Amino acid sequence: MEAAAAKLIGAGIAMIGAMGAGLGVGMAAFGGVQGIARNPDAASAIQTNMILGIVFTEAIAIYCLVVAMLILFVF
Amino acid sequence: MANNEQATRKWKYGVNRWVILAIIVVSVFAAGMYPPMRPHIQLPAEYLTGVLFQFPGTGEDFRLTNSMVATLLADVLILGLAIFVIGPALRSGKQVFSGIVGVVEALLELIYNLTEGTAGKWAKTIFPWFATITLLVLVANWMELIPGVDSIGILDEHHIEHIDHSVNPHTDCAINPLFTVGETQVYSVGYAEGSQVAACAAGIVPFVRAAATDLNFTIALAIIAFLAIQIIGVRAQGLGYFEKFLNFRALFAKPGMGIIDFVVGIFEIVSEFSKIISFSFRLFGNIFAGMVLLFVIGTLIPVAAQTGVLLLEFAVGLIQALVFGMLTMIFMAQATQSHHAEEEGHH
């Protein structure tokens with residue numbers, strides 16, 4: 001296999017990890033929206049914590065992205 | 001009064017609509033005549049100058065990179081804003097601020113309220129860290145949205161040879177410079193015909209590149225935040241702060257189960273150092289991905305689509321700046337709270 005093709009395939013495989021982050025972000029938003037629906041008064045506090053959780057989860061997808069970009073542009 | 005206000009707003013809206021339509025039409029024709037091309041995407045920051053000086057201790061070469069220029073620009077912008085805009089506004093004795101001062105006030109108020117809610121009496125110590133990191137990262141992130149950043153710069157022979165080995169920059173690069181300052185010719189990433197000229201145009205080393213697209217900036221900021229967290233922990237708890245990491249007290253007080261507490265402390269050390277990695281890679285990954293997205297969307301769909309991406313990057317820049325600062329603040333607040341005292345309080 002050519003090195004360039006292997007690079008592209010590798011970058012694609014690295015992004016599979018984004019699947020988990022997608023599930024995680026969905027679950028965080030699910031919990032947040034449910035909490036706001038039950039107690040609309042607490043919406044602002046829930047929103048802050050939800051965004052914080054989403055950002056932590058999203059970091060995992062970002063790591064995948066960084067690895068994919070390292071494969072594409074550095075090696 | 002209300003009617004009048006509504007009437008003016010309607011009129012303004014009507015004019016703006018036609019201006020925006022005209023810009024869209026012009027951009028359609030401009031994109032057709034001068035198809036945009038993708039700048040070369042490179043992970044390490046590019047060197048703008050030769051070796052300026054060598055570090056005295058290690059003998060390493062110091063060269064100015066374009067992300068360093070962006071960091072310095074962000075510093076200058078923030079200091080200028082503080083000295084020439086916000087300072088006079090505060091001294092004018094007004095109660096309600098408008099314009100940019102009002103925006104900064106709202107942002108700092110949000111930051112202070114968050115800090116006070118989490119850190120309590122330590123808010124006054126932690127707030128400057130939170131505010132400084134957030135403002136610096138915010139300005140540095142938003143810099144990538146300005147047209148000209150990442151796309152205007154000088155031609156670098158090594159850079160072009162690196163992209164396409166068959167191109168000789170001296171003979172093949174016949175693109176016209178944007179303008180010339182003294183001996184330096186300034187180029188813009190733009191329209192180019194033929195693969196050789198395309199390689200030349202993509203090989204432009206931009207003057208300014210968003211600071212957070214360089215890992216050096218984010219890792220340096222993360223190490224500063226990490227050290228500040230440790231220092232605030234020691235200030236709040238004295239040497240007892242390090243009990244979190246090396247829990248000898250538990251080892252002697254509770255033989256048997258104390259070993260578990262000690263091992264947990266070792267894991268705390270690992271998680272403390274992993275903060276540097278997660279801080280730096282989160283910011284770097286988000287902003288670098290944003291830069292690549294702007295490049296790619298700009299070349300794929302040159303008309304209108306980039307507006308949406310710019311809006312997205314505007315939000316990402318703000319959120320990442322707030323998150324970097326907020327996480328620093330939360331870890332600092334955690335460092336001020338004694339783990340031991342909390343446990344005793346529970347039992």
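Residues numbered from 1 in each chain as written. Chains lettered and ligands numbered in written order. Predicted model: local features only at pLDDT ≥ 70, side-chain atom pairs only at ≥ 80, totals over all residues. Heavy atoms only, no water.

Colleague: How do you make sense of the overall build of chain B when you look at a structure like this?
Modeller: Counting its secondary structure elements, chain B contains 12 helices and seven strands. Of all 347 residues assigned to chain B, the portion counted as buried reaches 38%. Across chain B, the fraction of contacts at a sequence separation of at least 24, relative to all contacts at a separation of at least 6, is 70%. Accessible surface for chain B amounts to roughly 19,900 Å². Of this, 67% is attributable to carbon and sulfur atoms. (Helix = DSSP H or I, 4+ residues; strand = E, 2+ residues; numbered from the N terminus. Buried < 20%, exposed > 50% of the residue type's maximum accessible area, 1.4 Å probe, protein only. Contact = heavy atoms within 4.5 Å. Areas by Shrake-Rupley, 256 points an atom, 1.4 Å probe, with all protein chains shown as cover.)

Colleague: Mind showing me how you'd approach the packing of helix α4 (residues 123–142) of chain B against helix α11 (residues 305–336) of chain B here?
Modeller: In helix packing, the relevant descriptors are the interaxial angle and the interaxial distance, both defined with respect to the helix axes. Residue and element names in this part refer to chain B. Running from amino to carboxyl end, α4 crosses α11 at an angle of 160°, the nearest separation of the two axes being 8 Å. In terms of axis orientation, α4 runs roughly antiparallel to α11. Seen from above, α4 lies across α11 with right-handed handedness. The residue makeup of the contact of α4 with α11, split by class, is 16 nonpolar, six polar and no charged. (Axes fitted to C-alpha atoms, helices over the stretch in contact; angles between N-to-C directions. Parallel < 35°, antiparallel > 145°, perpendicular 65-115°, else oblique. Left-handed = near helix turned anticlockwise from the far one by under 90°. Nonpolar A, V, L, I, M, F, W, Y, C, P; charged D, E, K, R; others polar.)

Colleague: Which parts of the structure should I look at to understand the interface of chain A and chain B?
Modeller: How big an interface is tends to be expressed through the accessible area that disappears when the partners come together. Every contact between the two is made by 14 residues of chain A and, on the other side, 18 residues of chain B. Summing both partners gives a buried area of about 1,400 Å² for chain A against chain B, and 84% of it is carried by carbon and sulfur. Across the chain A-chain B interface, the total number found is zero salt bridges. Inspection of the region where chain A meets chain B yields zero residue pairs in polar contact (both at pLDDT 80 or more). (Buried area = accessible area lost by both parts, 1.4 Å probe. Salt bridge = Lys/Arg side-chain N within 4 Å of Asp/Glu carboxyl O. Polar contact = N/O pair within 3.5 Å; in protein donor to acceptor, adjacent residues only side chain to side chain.)

Colleague: When you look at the nonpolar core in this model, what are you seeing that I'm missing?
Modeller: Counting 48 residues, the largest nonpolar core has I126, F217, L221, F279, L283 and F324 of chain B as its most contacted members. Mapped by element, the contributors of at least two residues to this core are α3 (43–73) of chain A together with α2 (66–91), α3 (99–119), α4, α8 (215–237), α10 (258–300) and α11 of chain B. The element that contributes the greatest number of residues to this core is α11 of chain B, accounting for 11 residues. Those residues in contact with L283 of chain B that sit more than four places away from it in its chain are V137, N141, A212, F217, T218, Q320 and F324 of chain B. V66 of chain A together with F284, F288 and V292 of chain B belong to the second largest nonpolar core, which has 11 residues in total. (Core = buried A, V, L, I, M, F, W, Y, C linked by side-chain atoms within 4.5 Å.)

Colleague: Help me out: how do you make sense of a nonpolar patch on the surface in this one?
Modeller: All names here are of chain B. A contiguous nonpolar patch, built from L79, I83, F84, V85 and I100 and spanning about 510 Å² of accessible area, is present on the exposed surface. The element contributing the most residues to the nonpolar patch is α2, with four residues. By the secondary structure assignment, F84 is in helix α2. Take F84: its relative accessible area is 64%, and that puts it in the exposed class. (Patch = residues over 30% accessible without salt bridge, like charges linked within 9 Å, V, L, I, M, F, W, Y side chains within 5 Å.)

Colleague: In this structure, what is going on with the pattern of salt bridges? I would like to understand it.
Modeller: Pairs may arise between side chains of opposite charge once their charged atoms sit close together. Residues and elements named next belong to chain B. Evaluation of the coordinates by the stated rule reveals two salt bridges over all chains. Measuring nitrogen to oxygen at the nearest pair gives 3.2 Å for the salt bridge that ties R209 to E46. With R209 in the loop between β7 (204–206) and α8 and E46 in the loop between α1 (2–33) and β1 (53–54), the pair connects residues that are 163 residues apart, well separated along the chain. Each member of the pair, R209 as well as E46, carries the same accessibility label: buried. In this structure, the salt-bridge partner of E272 is K275, at a minimum N-O distance of 3.0 Å. Linking E272 with K275, this pair stays in helix α10, spanning three residues, or about one helical turn.

Colleague: Sorry if this is basic, but what is going on with the packing of aromatic side chains here?
Modeller: Remark: the centre distance and the inter-plane angle together describe each pair of aromatic rings, the angle taken between the planes. All names here are of chain B. One pass over the structure, following the stated rule, counts 10 aromatic pairs over all chains. Centroid distance Y112 to F127: 5.0 Å. Interplanar angle 80°. Geometry classified as edge-to-face. Linking Y112 in helix α3 with F127 in helix α4, this pair joins segments that are 15 residues apart in sequence. Taking the centre distance of 5.4 Å and the plane angle of 20° together, the rings of F284 and F288 count as stacked. (Phe/Tyr/Trp six-rings, centres within 6.5 Å; stacked < 30°, edge-to-face > 60°.)

Colleague: Sorry, what's going on with the confidence of the model for chain B here?
Modeller: In regions of low pLDDT, the predicted coordinates are not meant to be interpreted in detail. Mean pLDDT over chain B works out to 81, with 81% of the residues at or above the 70 mark. Counting interchain partners and residues more than four positions distant, the pLDDT-below-50 stretch residues 342–347 of chain B has one contact. (pLDDT = per-residue confidence, 0-100.)

Colleague: Before we go on, may I ask you to explain the environment of A31 of chain B in this structure?
Modeller: All names here are of chain B. One can find A31 in helix α1. When its relative accessible area of 18% is taken as the criterion, A31 is described as buried. Taking C-alpha positions, A31 is 9.5 Å from T299, a pair spaced 268 residues apart along the chain. When sequence neighbours within four positions are dropped, the list of residues in contact with A31 reads P36, P302 and V303.

Colleague: When you look at the packing of helix α1 (residues 3–14) of chain A against α3 of chain A in this model, what are you seeing that I'm missing?
Modeller: All names here are of chain A. At their nearest, the axes of α1 and α3 sit 8 Å apart, and the two run at 175° to each other. It follows from the interaxial angle that α1 and α3 lie roughly antiparallel. Each of K7, L8, G10, A11 and A14 in α1 lies in contact with α3, whose residues at this interface are C64, V67, A68, I71 and L72. Of the residues belonging to the contact of α1 with α3, the class tally is eight nonpolar, one polar and one charged.

Colleague: So what exactly am I meant to see when it comes to the environment of F56 of chain A here?
Modeller: Note on placement: F56 of chain A falls in helix α3. It is 9.1 Å that separates the C-alpha atoms of F56 of chain A and V25 of chain A, two residues lying 31 residues apart in sequence. Other than its neighbours up to four places away in sequence, F56 of chain A contacts R282 and L327 of chain B.

Colleague: How should I be thinking about the side chain of N286 of chain B in this particular structure?
Modeller: All names here are of chain B. Tracing the chain through its elements places N286 in helix α10. Judged by relative accessible area, N286 falls into the buried class, the value being 8%. A polar atom in the side chain of N286 sits 3.0 Å from the backbone oxygen of R282.

Colleague: When you look at the confidence of the model for chain A in this model, what are you seeing that I'm missing?
Modeller: In this model, chain A carries a mean pLDDT of 87, and residues with pLDDT of at least 70 account for 97%. No element of chain A has a lower mean pLDDT than α3 of chain A, at 82, and none a higher one than helix α2 (residues 18–38) of chain A, at 93.

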